[in-house]
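Here is how the chains run, residue by residue.
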Amino acid sequence: MSIDEPSTTDDPGASPAQTGTGEELRPATHGGRNRLSRIRIAVAASVVVAVASTIGAVHYYLRDAESHELDRSREAARRAACEYGTTLATYKADDIDAYFGTVLARATGDWKKNFDSTSKDLREVLIQGKVESKAGEVRCAIENGTAHSATAVVVIDQTISSLGTQSQPRRGQLSITLSLEESGDRWLVNKVSSPLLAGA
């Protein structure tokens, strides 16, 4: 064997990396790039899935929170309607000014203006008739509503006595529809309608 001939090229068991040639290294390098690309694609896919899951979770959370907020608003409006119905159906001729003040304190808009403008005439009628009214059971339901407004149906059991009943209590029932709007931390009534009021 000549000293100019490299002994490594005649070794049939020599690996491509041992031969020192660039061509034999290319397949190994290309395979590494393929694996790296697959890893990057897998990571990107995982990120996309994670982002999509997060967006979905946030969407459902916000929708659920909005639903709970609407439920709380409707319940607050329902309670306010019940309280106002009781207020409207509870009065005494000898303390009528306090009654008007209580009704107006939770009123707003056209209802407040209309009630205030008719209170003088109503006051005289109630005083002269010595009318006394007491509210019994009050049933309330929200007909429709948003986070800041609602329409409620209120049915009130009512006992009324007056000179016309010879001061004997008579039981009846008052059905009214209230329109309410949120104002700060309170629900105010801006419209009251009932068969009695419609026929007056």
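Up top is the structure these notes are about.
Here's a quick rundown of the structure. Nothing here was measured: the structure is a model prediction, and the numbers come from that model.

A word on the packing of helix H3 (residues 96-105) against helix H4 (residues 109-128)
Part 1 of the argument: As a packed pair, H3 and H4 sit with axes 11 Å apart at the nearest point and diverge in direction by 165°. Taken together, the axis directions place H3 and H4 in an arrangement best described as roughly antiparallel. Where H3 crosses over H4, the two elements pack in a sense that is right-handed. Here Ile-96, Asp-97, Tyr-99, Phe-100, Val-103 and Leu-104 of H3 lie close against H4, whose contacting residues are Trp-111, Lys-112, Phe-115, Asp-116, Ser-119, Leu-122, Arg-123, Leu-126 and Ile-127.
Part 2 of the argument: Here the contact of H3 with H4 is composed, by residue class, of ten nonpolar, one polar and four charged.

Quick notes on the pattern of salt bridges
Part 1 of the argument: Counted under the stated rule, the structure contains nine salt bridges.
Part 2 of the argument: In this structure, Arg-79 and Glu-75 form a salt bridge, with 3.6 Å as the shortest nitrogen-oxygen distance. Of this pair, Arg-79 and Glu-75 both sit in helix H2 (residues 26-88), separated by four residues, roughly a single helical turn.
Part 3 of the argument: Relative accessible area serves as the criterion here: at 43%, Arg-79 is assigned to the partly exposed category.
Part 4 of the argument: What makes Glu-75 partly exposed here is its relative accessible area of 30%.
Part 5 of the argument: Between Lys-134 and Glu-132 there is a salt bridge, and its shortest N-O distance comes to 4.0 Å.
Part 6 of the argument: Judged by its relative accessible area of 25%, Glu-132 falls in the partly exposed class.

Calculation rules
The written sequence of each chain sets the order in which its residues are numbered from 1. Residues qualify for local features only when their pLDDT is at least 70, as the model is predicted, and side-chain atom pairs are given and counted only at 80 or more; totals for whole chains, interfaces and linings, by contrast, use all residues. Only heavy atoms go into the side-chain values, all of them from the structure, while hydrogens and water stay out. Working convention: axes come from line fits to C-alpha atoms, limited for helices to the stretch in contact. Angles between N-to-C directions cover 0 to 180 degrees. What counts as a helix is a DSSP run of H or I of at least four residues, what counts as a strand is a run of E of at least two, and both are numbered from the N terminus. Any angle between 65 and 115 degrees counts as roughly perpendicular, while under 35 counts as roughly parallel, over 145 as roughly antiparallel, and the rest as oblique. Should the near helix be turned counterclockwise from the far one by less than a right angle, the crossing is left-handed, whereas a clockwise turn marks it as right-handed. Whether two residues touch is decided by their heavy atoms; if any such pair falls within 4.5 Å, the residues are in contact. In this classification, Asp, Glu, Lys and Arg are treated as charged, Ala, Val, Leu, Ile, Met, Phe, Trp, Tyr, Cys and Pro as nonpolar, and every other residue, Gly included, as polar. Salt bridges are defined by distance alone: a side-chain nitrogen of Lys or Arg within 4 Å of a carboxyl oxygen of Asp or Glu. Only protein chains enter the area calculation, which uses a 1.4 Å probe; residues under 20% of their type maximum are buried, those over 50% are exposed, and those in between are partly exposed.

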